[in-house]
Structure formats: C-alpha cells, structure tokens
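A structural walkthrough
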Amino acid sequence: MAQVEKKAGLLRKSSASKKPLKEKVVLMYEEIFVREDPAKNNPRFWEELFLMKVNLEYLEGKLESLDGDELMKVKDNINSLFQHCIQALGEEHQIKVVNALQTLCALFRGVHQKNKSTSGFDIINMLMGFDKAELRMKDLMESLDTLLCGDGSESLKSLCLKLLLCLVTVTDNISQNTILEYVMINSIFEAILQILSSSSSRRQHGYDTVVLLALLVNYRKYESVNPYIVKLSIVDDETTLNGKGLVISQALSEYNRQYKDKEEENQGGFFSALTTMVGSMFIADAEEKISVQTNEAILLALYEAVHLNRNFITVLAQSHPEIDLVTTPSAPVPTTPTAPLGTAPPSVDVMSSTELPLDPNLQTSNLLITFLKYSSIVMQDTKDEHRLNSAKLCLIILTCIAEDQYANAFLHDDNMNFRVNLHRMPMRHRKKGADKNIPSRPLVCAVLDLMVEFIVTHMMKEFPMDLYIRCVQVVHKLICYQKKCRVRLHYTWRELWSALINLVKFLMSNETVLLTKYNIFHLALLVINLFNMFITYGDTFLPTPSSYDELYYEIVRMHQVFDNLYCMVLRLSTNAGQWKEAASKVTLALVNIRAIINHFNPKIESYAAVNHISQLSEEQVLEVVRSNYDTLTLKLQDGLDQYERYSEQPKEAAFFKELVRSISLNVRKNVSLNTLSQDVLLKEFSSIS
C-alpha cells in the first residue's frame, strides 16, 4: 500500500514538474512576437494560422503587455498579421473568415489598450504601416461591406458588426480615434440601410446596426463634414426608416417590460404587505430598489434620427401591436438579470414580435407611445448624474418633436387617439393605483401628462433646474402650435395650472438655497409667460369658454402665490444686485396677472359682503368672474408665442460629447471576449456542406 502511495506521489511530482502544454496557435503567436518573419521557415504559416481557433485572451493580453517601443520592434510582423487578416476575409473557407475577424478585433483592442496616450497616427503605423494604411483600410471596409450585404451566414454578419463596434469604441473619446477617418472615407452606410430594410436581417442585427450608426454619426460631428450625418439626414426610404423605428421601439419596449416585471415583483411578498399594513411611509424606499439603468445608446439613436431626418418623424406615429402585450416570455425572467436593466439588446423573440399580424382586440401602439412610457420611467429618478443625463436626453427628443410641424399635426390629430398608461412616481399624498382608467385621447395629452407629472414630482433639495426649464419649454412649444392652428384640445388644463403655481410656490420657499446655484427668475419667467399665453390667447385654443373662466378662477384662488412672487421680484429688481435685470423681467411679465387679481378680488369680496356669505363656492366665484370681464383691462404683451428653436451646437455639444463617451465605454464593455466566442460559429460552419 505504501509502495502505491509512493508511486502516486512520484507520479504527482513528475506531472507537477512538467510545463503545461501550449496550444499550437499560442506557439504561432509567439513566433509573431519575435523580430524574425514567421513565414521565413514556414511558407504556409499564415494559411495554417487562420485555420486554427483563435485564442483571443492570449493574443489581446500579449498585445496589451507591450508598450509602444516594444511593439515597434515587431511592427513588421504585426503589419503582416493585419494584412493577412484582411486577405483571409476574402477566403471561401468560412472558418478562416471567422478567425480573421476575431484576430482583427484583438489587434484593434490590444494595441489601443497599452497605448492610450499614443497619437492615432502612431497606432495606425503600428497596426498597418503609414504607407499602406489607406489601402489596407479600404480593403478591410470593402470586405466587411461585402460580408454584410451578401447572402452568407448570419453569425458571420453578426461578427462583422461586433468588429465594427469594437473598432469604433477602442478610444474613450470617439473623435480621437484616427482610424475612423478611413471608416468615413470607405462608408458602410448602404450596408447599414440594407440590414434595417430587411425584416430577417433586422431581427438578427438591428440593435447592433442602430447603435453602430449612432456612434458613427458622432465622430467629429462639430469639426468636419461627417458623411454618415449627411446620408442619414436625407434617407427617405419608408421601409428603411420604419425598420430603424421598429428596432428602437423594440429595445425600448423590452426595457419597459423588464421594468414592469420588476415593479410587480417588488410589489409582491412580505415587504409589500408590510407597507400596506403600516401605510405609505416606506413606499419610496420600496420603489428605489427597482433598477433604472437606462439604454442611452438606443436613446441616442432615436435622438439622431429625430434631429437629423425630418422623414423619420412619420415613423413615430407608425402603428403596430403593443409589443409587451404580444410577447410572452418563453422562460421565466430571472430575479437578478444577468445584464443591467435595458443595457442588453432585446432577444430575437422580442425583435420579431412586431412582425406579427395585427389583432383587432389588441391596443395598437407606436414608437412615440413606447418612448413616452420609457421617459416616464427614466424621469422618475434623477438623483444621480447618469439618470439625470438620460432624463435630459428624453426632454431634448421631446423638444425636437414639439418643434416639428408634422409631429404636432399627428400629436393633435383627433382621429389618432390612444390610451397611454404612463408610469407615475409613488408619492405619499396619492395612491399608487391612482391611474384612473385613462380615456383614448390625442397623443399630445400624454406628452402634457408627462410634463405635468415631472413638474409635480421633482420639487426637491437637489433641484433639477435644467430639466424643469426644458419641461416648461416643451409645454410652451405645444401651446404655440395650438394657438397658431387654433386647436381646441380637450385636456384637463387645471392640472397643468395647479402644477405650475406649486412650482412658483416652491421657488419662493427655497429662494435662498436655490439662488446660490441657479437663476430661478429664468424659470419663473417661463412659467409666468405660460400663464400669459393662456390669458392673452386662451380664447383661441382652450376647449370651452368655461375653461377660460377656470383659468381666472385658479389665478384669483391662488393670488397669494402671485402676490408673494411680485413682492420678491420687486425687492430684487430695486436692489443693485446680480439678479436685478432677471427679476425686473418677471416684474413686467406679472402685469396682467396682477391686473386680474386686483380687478376680481374686490368684486368677489363685495359679492360675499352683499350676500352675507363668509366663504364662496367655486360656482359663485365663477359667476362673479363671468359677469365682470367687460370692465377688465389687460395689456397686450409681445412675443409670447415666439421661442428660440433647438440647436445642438454650441449649447449641447459638451453634453453629447460626454454622453457618447459614456455609451462608447458601455458598448466596449459589452462587446466582450465571451460575446465573440467561436463555438457557435464553428458549429454552424461545420454543418455547412
């Protein structure tokens, strides 16, 4: 027995002393990283290399371990590897094509990783050599274009897109990626359009394609003519535009569905029972557990489409079945998702769901409705910078929509009515289930609901001033359209007026704290001018004369808020402080509101005294208002229906630069080694006869 143990020990010892065997492909890589040409002793070296399964981890790790000087010593071999990768892309043997694509990915990432501070020109020299760079990149882009547009394997097309995403995101700042100059010159825009216009290709590759295009559009967009911007702005093919809209809609719908599932999961169980028992005091904490990590890449794609291409506006209203109603998950959703909510592309099942025939019993939806629901989730919590930026992007998209004449036409179309159940933030003074059975209404009502919801729910210590300004501006632009086109919208305007008055009240209550950070008078002026729009032009767009009466009733009822605001701005406009000019503008804007208060208040008091009533009912106040319009004098204020149109450059340039950087880092992280695993590809190709 002891002898057996001794033998076993010896065996263990001898096996431990042996060096682990290296894969042949690793031995071949090692030959590349010595100065001598690996093909010198083995003329079939490159041919053999591309028949072997790539060891991405080793190759990328080896490249990352070498600094610029060390890489320059083996530059000729790296250049040769790059050249042979491109040559292999034209091979009929698809295993070679797969291996070449993966090797290129490792080359791009590995060389950049160690040489982040190195200039783009030096990196180009390390990878392919200055003198050959133009030719190499032309050949590479042509090969990728051929593979993407051909009838070949879908897995191969997927790998091509992964390589392009890898190439686009190797630098933190996309505009510093000099290699992208060649991607601009050798455009793959037509290949992108072809994928989006074909339902089968779109199902497989739509998400990666849309994200890739959004990133390419942002390459040096303010510094030079970007051909992807130019081409995207003039696309007018309906099938392609609808295809892009479907991809965006499906990604947003999948996020909405995941959020809804998680919300329902949080509402179940012991904790929910406890909050119900104790009351609603813990409801906000319960809600905070729901992850709201947004999909900024798909939002950016939607923004670029809406902002650059006027033809895309029609896609927003394109009807399709409500995706979250049609899709039934084939497997139960895991409690802890493998990827953060909304960051991963939707599954193929979800991507194909909108291709189903319309069911007359199903509520139809469209991209705008899906986006509004998405925004209602994203805009609930703006406490950290990441979520704040997502909410800002949603409001920028809504700003572009609110300025567009055609978008306004379908937003206000009485024949296009939808039920839009927006997500509402749980608050102590209202029940979670307070979403009454929402009627079918024109889509503009949902946009206004979303704006009102935001105004009501974000009056807090960390006040999101920028979002409030954008929110009020969206409302103003919609009302300008209604005034111009005399659209009488049946909307509960009272909710908006009440929200705006409470906002003014909040600004005054927190004047000292807010004035250290913000010019609160700019927001106050926007709010007061919204009221001035209703006062001056309300008779052209409010639905009924009684709506106009209700406006006056609200102003008179809440007169104390406007009186206090006037006292505050008068105090600051008569002092020689930094807010003098800003406060003076609000003082002037309040002239008609003060005229209404000063005209009707004495009349109401007199009516109460004559009739011996201590507290008048709403109907009695409205009666006083109606009978005293003729003696009211108001001033005509100019420019109330004018606004500055949205412009990305220069105001928003810094925001988009940082946003694209964040998206690029996220995409780079998600195009990881395991997503490039060859096993599936090799299995697929081995079955090809």
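Residues numbered from 1 in each chain as written. Predicted model: local features only at pLDDT ≥ 70, side-chain atom pairs only at ≥ 80, totals over all residues. Heavy atoms only, no water.

**Topic: the overall build of the protein**
Worth spelling out the cut-off: Numbering of helices and strands runs from the N terminus, with a helix taken as a DSSP run of H or I at least four residues long and a strand as a DSSP run of E at least two residues long. Remark: exposure states derive from per-residue accessible area (1.4 Å probe, protein chains only) relative to the maximum for the residue type, with buried under 20%, exposed over 50%, and partly exposed in between. Residue contacts are counted whenever heavy atoms from the two residues lie within 4.5 Å of one another. Computed with the Shrake-Rupley method and a 1.4 Å probe, the accessible areas treat only the protein chains shown as cover for residues.
The secondary structure content of the protein amounts to 36 helices and 4 strands. Scored against the burial criterion, the 689 residues of the protein give a buried share of 53%. Pairs at least 24 apart in sequence give 80% of the contacts found in the protein among residues at least 6 apart. Surface exposure of the protein reaches about 32,100 Å², of which carbon and sulfur atoms provide 52%.

**Observations concerning the packing of helix α15 (residues 238-267) against helix α18 (residues 296-308)**
For the record, the criterion: Here an angle of 0 to 180 degrees is reported between the N-to-C directions of two axes, which are lines fitted to C-alpha atoms, with helices fitted over the stretch in contact. We call a crossing left-handed when the near helix sits turned anticlockwise from the far one by less than a right angle, and right-handed when that turn is clockwise. Residue polarity follows a fixed list, in which Ala, Val, Leu, Ile, Met, Phe, Trp, Tyr, Cys and Pro are nonpolar, Asp, Glu, Lys and Arg are charged, and the others, Gly among them, are polar.
Running from amino to carboxyl end, α15 crosses α18 at an angle of 145°, the nearest separation of the two axes being 10 Å. The chirality of how α15 crosses α18 is left-handed. Contacts between α15 and α18 involve Lys244, Ile248, Ala251 and Leu252 from the first element and Ile298, Ala301, Leu302 and Ala305 from the second. Taken together, the residues of the contact of α15 with α18 break down into 7 nonpolar, no polar and 1 charged.

**Examining unusual backbone geometry**
Going from Gln649 to Pro650, the amide bond is cis rather than trans, its omega being 10°. Note that Pro650 resides in the loop between α34 (618-626) and α35 (653-670). In this model, Arg220 sits at a positive phi of 45°, which is unusual for a non-glycine residue. Here Arg220 lies in the loop between α13 (199-217) and α14 (227-234). Residue class for Arg220 comes out partly exposed when judged on its relative accessible area of 26%. A positive phi angle, near 55°, is found at His612, a position not held by glycine. The residue His612 is located in the loop between α33 (591-610) and α34 in this model. Since its relative accessible area comes to 74%, His612 is described here as exposed.

**What to know about the layout of surface pockets**
Definition in use: Think of a 1 Å grid over the protein atoms and nothing else: a 1.4 Å probe that fits but is trapped marks a cavity, an open set flanked by protein within 12 Å on at least five of seven lines marks a pocket, and residues with an atom within 4 Å of a point count as lining. Grid points are joined across faces, edges and corners, and a volume is the space filled by probe spheres set on the points.
Within this model, the second largest pocket holds a volume of roughly 690 Å³. Within the residue set of the lining of the second largest pocket, elements represented by two or more residues are α23 (385-403), α26 (465-485) and α29 (520-541). Tallying contributions element by element places α26 first for the lining of the second largest pocket, with 7 residues. For the lining of the second largest pocket, the per-class residue count stands at 10 nonpolar, 8 polar and 9 charged.

**As for α33**
Keep this limit in mind: Helix span, expected: 1.5 Å multiplied by one less than the number of residues in the helix.
Its 20 residues give α33 an end-to-end C-alpha distance of 29 Å, which sits within 8% of 28 Å, the value for a rise of 1.5 Å per residue. Those residues of α33 that sit buried are Asn592, Ile593, Ile596, Ile597, His599, Phe600, Asn601, Ile604 and Ala608. Elements in contact with the buried residues of α33: α29, α30 (545-557), α31 (559-574), α32 (580-589) and α34. Of the residues one or two after α33, His612 is the one with positive phi, at around 55°.

**A closer look at the packing of helix α27 (residues 493-509) against α29**
Here is the rule: When describing relative orientation, an angle under 35 degrees is termed roughly parallel and one over 145 degrees roughly antiparallel, while 65 to 115 degrees is termed roughly perpendicular and anything else oblique.
One can describe the packing of α27 onto α29 by two numbers: an axis separation of 10 Å at closest approach and a directional angle of 150°. As summarised for this structure, α27 and α29 are arranged roughly antiparallel, according to the angle between their axes. Crossing hand, α27 versus α29: left-handed. Together, Trp493, Leu496, Trp497, Leu500, Ile501, Leu503, Val504 and Leu507 of α27 and Ile520, Leu523, Ala524, Val527, Leu530, Phe531 and Phe534 of α29 make up the contact between the two elements. Split into classes, the residues belonging to the contact of α27 with α29 amount to 15 nonpolar, no polar and no charged.

**Focus on the packing of aromatic side chains**
Put simply, the rule is: Pairing of aromatic rings covers Phe, Tyr and the six-membered ring of Trp, with a centre-to-centre limit of 6.5 Å; geometry is then stacked below 30 degrees between planes, edge-to-face above 60, and tilted otherwise. Note on criteria: charge over ring means Lys NZ or Arg CZ within 6 Å of the ring centre, with the direction from the centre no more than 35 degrees off the ring normal.
According to the stated counting rule, one finds 24 aromatic pairs in the structure shown. For the ring pair Phe454 and Tyr468, a centre distance of 5.1 Å and an interplane angle of 55° mean the geometry is tilted. Taken together, the residues span a long stretch of sequence, with Phe454 in helix α25 (residues 443-457) and Tyr468 in helix α26 at a distance of 14 residues. Taking the relative accessible area as the measure of exposure, Phe454 reaches 2% and is therefore buried. Here Tyr468 falls in the buried class, since its relative accessible area comes to 0%. For the pair Tyr548 and Tyr552, a centre-to-centre distance of 5.1 Å together with 50° between the ring planes defines the contact as tilted. With Tyr548 and Tyr552 both in helix α30 and 4 residues apart, the pair spans about one turn of that helix. Judged by relative accessible area, which is 1%, Tyr552 ranks as buried. Counting every residue linked through ring pairs, the aromatic cluster contains Tyr491, Trp493, Trp497, Phe534 and Phe541. Residue placement shows Lys62 over the ring face of Phe33; its charged tip is 5.7 Å from the ring centre.

**Some points on the pattern of salt bridges**
Basically, it comes down to this: Any Lys or Arg side-chain nitrogen found within 4 Å of a carboxyl oxygen on Asp or Glu counts as a salt bridge.
Evaluated as defined, the whole model comprises 34 salt bridges. The salt bridge partner of Arg571 is Glu511, with a shortest N-O separation of 3.2 Å. Of this pair, Arg571 sits in helix α31 while Glu511 sits in helix α28 (residues 511-515), and the two are 60 residues apart along the sequence. Salt bridges sharing partners connect three or more residues here, namely Lys392, Asp466, Arg470 and Glu652.

**Digging into the confidence of the model for the protein**
The line we're drawing: Within a predicted model, pLDDT stands for the predictor's per-residue confidence, ranging from 0 to 100.
When pLDDT is averaged along the protein, the result is 84, and 82% of the positions lie at 70 or above. This stretch, residues 4-15, has a pLDDT under 50; its non-local contacts, to residues over four places away or in other chains, come to 0 contacts. In this model, residues 348-361 is a region of pLDDT below 50 whose contacts with residues beyond four sequence positions or in other chains number 31 contacts.

**Some details on the side chain of Asn173**
In plain terms, the rule: Any pair of N or O atoms that falls within 3.5 Å is considered a polar contact. Within protein, one atom must be able to donate a hydrogen and the other to accept it, and sequence-neighbouring residues count only if both atoms are side-chain atoms.
Tracing the sequence through the fold places Asn173 in the loop between α10 (154-168) and α11 (180-185). The class for Asn173 is buried, based on a relative accessible area of 12%. In this structure the side chain of Asn173 is engaged in a polar contact, spanning 3.0 Å, whose partner is the backbone nitrogen of Ser175. Ignoring sequence-local partners within four residues, the contact set of Asn173 consists of Lys657 and Arg661.

**Focus: empty space enclosed by the protein**
Here the structure, examined in full by the defined rule, presents 5 cavities of 30 Å³ or more. If you add up the space inside the second largest cavity, you get close to 50 Å³. Lining of the second largest cavity is provided by Ser376, Met379, Gln380, His423, Met425, Leu450, Glu453, Phe454, Thr457 and His458. Among the elements that line the lining of the second largest cavity, the one with the most residues is α25, at 4 residues.

**Thoughts on the environment of Leu398**
Turning to its location among the elements, Leu398 is positioned in helix α23. Spatially, the C-alpha atoms of Leu398 and Leu372 are 9.0 Å apart, while their sequence positions differ by 26 residues.

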